[in-house]
Every structure is written in structure tokens, then in C-alpha cells.
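Residues per chain are reported as follows:
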Amino acid sequence: MNIDLSPEDTAFRDEVRAFLKDNLPAQVKRGAVSSPTVFVEPEIGQHWNDVLNAKGWLGYQWPQVVGGTGWSPVQRYLFEKECALAGAPNLTVLGLKLVAPVIYTFGTERQKALYLPRILSGEDYWCQGFSEPGSGSDLASLKTRAVRDGDRYIVNGSKIWTTHAHWANKIFCLVRTGTEGPKQAGISFLLVDMDQPGITVRPILTLAGDHEVNEVFFEDVSVPAEDLVGEEGQGWAIAKFLLENERGGSCHAPKLLYDLDQIVSAALDQPDGRGGILADDRDWKRRTARLRLRAQALEMIELKILSEVAKGRKPGPQTSVTKMLASNLRQDIDLLAVDLYGPAGLELDTARPLYGDNAPKPLETPESQVASARYLNSRAWTIFGGTNEVQATIIAKTVLNL
Ligand SMILES: Cc1cc2nc3c(=O)[nH]c(=O)nc-3n(C[C@H](O)[C@H](O)[C@H](O)COP(=O)(O)OP(=O)(O)OC[C@H]3O[C@@H](n4cnc5c(N)ncnc54)[C@H](O)[C@@H]3O)c2cc1C
């Protein structure tokens, strides 16, 4: 695997870097620093989306023919890396990276023409209706029912842990349309309008007090049959395609390394309690070096997957390896931040947002103020998108052939 950049890729990287320097708004960057959650608040996320969309870069993973950049996998990686290094927020993946590839890969011409531009413009904000009470890891056991009635489906049931459902006007759902044969065979993929009678959203507050996830209830919700994606019963195959994108659709290492660098720099100003600075402490150095090596190893694996994708191959089950390594690192780096700031790192402000005029004042810095909430929030990394145990099973079966 050759990881040297070609002159074209270097020029591309420099172009992205220059654009970010001039166009990443200060309040977006500030919002990213002070957001404890995986995705930033929509007002921050949408602001950043609008900047990228005006430049034509928002659909950076999409093919050109559907309104994307048509960039190569290496260019996409460089873009993500530069965004991480510039301190840009994570893009909210639900519309852009989860449902959009489903629509342009499996959708009808009508679905592509209608929904893809609305994702780029921000008119539609999507959430993901897969998990149900009792159907998380065992997703194929899901029970939310969609019954065909003429040219519509009538949907009844409930979804849980639905990220940003309280902001969304659209939800993509796995629903049961059949009960014959294996449970996977009776699942279909529906695009559903949230702004209609019969849909109720109830908040679930997470450990740090964030309102990020919800329960969503469906009571005789009417969905046009033309919003079925693919064939009836094809939902499981589409879900597997989507989950592969969710687990491996982005490179995690650049952001993890950026966060680690921020912590390492902050330690230069942090007293060690014995008259020195934390950055000189031997245990601290050992700990940060270990984390850096793990993040660099992850980056190598991500680049290897990328080089396979560049040859036209699918990312495949290796994305379970990167999802698991990245989730563990995320949690360990967030714990490092709590330890870095001492008592200020234990501050747990439950007011949201932690930026803007109404934000509570931090004990020390915006970074220390968010450390504890971020640590609590990142417990979810080893759960969402498939738990670590589920990833380990996939790796055992499909990567190691055990
Ligand atoms: C913050 C957050 C955001 C989320 N956002 C969304 C969203 O937007 N949309 C959505 O659809 N879902 C979302 N989820 C749900 C997530 O996908 C599920 O929580 C996850 O799949 C686990 O399912 P579960 O919670 O039902 O746990 P369970 O499946 O009940 O698992 C409980 C425990 O048992 C273990 N376990 C289960 N089965 C096995 C097995 N076969 N072998 C070994 N161990 C096993 C698990 O690893 C886990 O430790 C989100 C979850 C979180 C925490």
C-alpha cells in the first residue's frame, strides 16, 4: 500500500485546507468545541452544511450524477482529514451518508429527484428508525408493521433510540411487511414523513442530560407506496448496505488524532500538582503515546480499506474492525480529557447548548466544561451502529472465518 500523495492529491489537499481556513465560521467551530454529543445541534450543523453546499462539497461522498462531488476515495479521506484538523464539526450523517446512498443506489428516479436535493439544501432532516424495544442487536426481529392498503402502507408500532427524531421531518424505517419464511425476508425499507397525524416523538435523556435520542410511535400512519425503497422484502439487504456505510463510511482516525493532539497541547499548561506540568509526567506521556499508536494503527487500517474501495471493492466487514477500534479509542481519549482537566474536567453542566449568549460560564475553558459530558456521551459509541459484541461476532464469522 503506497500512502504517498500524488501531486494532484497534494494540490487537492491544499485547496481544501485553504477553503477551510477562509470559510469555516468561528461560531461553527465554537459549536463543535462545546458539543458533547456525536452530532452537533442542527443550527450549527445546518450552518456548516450550507457553507459546504454553496461550495458544492456537501455531497462529498456522492457520485456526480446525483449532485455529489464524484471525488475519489483518497480525496474524500483528505477532505475528512482536513475538516478534522480545522476543527469542523462532524457532519450529521443521517441524511447525507445513511439514507442518501440508499436512495441513489436502490431508489426510484422519483425518489432520487425528490429527496436528494432536499438533503443537500437542508429542507429535509432525516432520522433512522431501525431499533425497537426488544429489537436492537437482533434487529431482524423487528415488529413495526406496514400493511399494504391500495397505493399506501398503514404503519403501526414503535422505534427507540432514534437520534434527532425531535428535529427531523423525515424518518427512514425498517418495517415488517411479511411474516412468512425467515424473519429477514419480511422486512421492507420505507421513507416516512414525520409531520403527519399518528406519529408521536417522546424524548429520552442520556447520561449527561442530553436530549439526543427519542422514542417514536406510529399509530395508523399512512405512507404512499411510492416511498417504498427497493422491492417489498428487500429491506434487510438494504439495511446491511446502510449499516456497512454507517460503520465504515468515514475515516475516524483523523478526528481522534486531532482530539488527542488538542489534549496533549493543553497538558503543556496543566500543572501536575507537584510543581511541574502534566505534559512532563512519565505516566501521562506513556498513556498518550499508547493512544497515539492505537490511533495511527487505526488510520493504517482505514487507509487500507480506502485503497480497496479505490479499486472498486466494497468496504466489507472490515468496517466492523474499524468501528470497534474507533469506538474504544473514542472512549479512552474522552477519559483522557476528563483526567487532563482535574476538578474542572468533572464539571457537568446540563444546560444546552454550551455555546452562545445563554451558555453557562465554564469553571476553566470551554474544552474542560464539555469534557465530562463528552465522556458520558461517548459510552454510546460501543452501542450504536451495532454493539462491540455484535462487531466481534461479525469479525469472527466473516473476517476470521471462525
Ligand atoms: C446514543 C444512541 C443513539 C442511537 N441512535 C439510533 C438511531 O438513530 N436509530 C436506530 O435505529 N437505533 C439507534 N440506536 C440504537 C442502537 O443501534 C442499539 O442500541 C444497539 O443496536 C443495541 O441494541 P439494544 O440497545 O437493544 O441492546 P441489546 O441488543 O439488548 O443488547 C444488550 C447487550 O447484550 C449484548 N448482546 C446482544 N446480543 C448479543 C449476541 N448475539 N452476542 C453477544 N452479545 C450480545 C449487547 O452487546 C449488549 O451489551 C442508538 C443507540 C444509542 C445508545
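Residues numbered from 1 in each chain as written. Predicted model: local features only at pLDDT ≥ 70, side-chain atom pairs only at ≥ 80, totals over all residues.

1. Observations regarding the site of the ligand
Here is step 1 of the chain: Near the ligand lie 19 residues; those nearest to it are Phe130, Gly136, Ser137, Thr387 and Glu389.
Here is step 2 of the chain: Those elements that provide at least two residues to the shell around the ligand are β1 (126–129) and α12 (388–399).
Here is step 3 of the chain: For the shell around the ligand, a count of residues per class yields eight nonpolar, ten polar and one charged.
Here is step 4 of the chain: Formed jointly, the shell around the ligand draws a minimum of three residues from each of two domains, domain 2 (126–234) and domain 3 (251–399). (Near = placed C-beta within 6 Å. Helix = DSSP H or I, 4+ residues; strand = E, 2+ residues; numbered from the N terminus. Nonpolar A, V, L, I, M, F, W, Y, C, P; charged D, E, K, R; others polar. Domains from an automatic or database assignment.)

2. Let's talk about the domain arrangement of the protein
Here is step 1 of the chain: Each assigned domain of the protein is listed with its residue range as follows: domain 1 (7–91), domain 2 (126–234) and domain 3 (251–399).
Here is step 2 of the chain: Averaged C-alpha coordinates put domain 1 and domain 2 at centres separated by 30 Å.
Here is step 3 of the chain: The residue makeup of the side of domain 1 that touches domain 2, split by class, is three nonpolar, one polar and no charged.

3. Remarks on the nonpolar core
Here is step 1 of the chain: By size, the foremost hydrophobic cluster in this structure holds 94 residues, and its most contacted members are Ile171, Leu190 and Val192.
Here is step 2 of the chain: Looking at this core element by element, the count peaks at ten residues for helix α10 (residues 318–341).
Here is step 3 of the chain: In this structure Val192 touches Val155, Lys170, Ile171, Cys173, Val221 and Val223, once residues within four positions along its chain are discounted. (Core = buried A, V, L, I, M, F, W, Y, C linked by C-beta atoms within 7 Å. Buried ≥ 20, exposed ≤ 12 C-beta atoms within 10 Å, placed from the backbone. Contact = placed C-beta atoms within 7 Å.)

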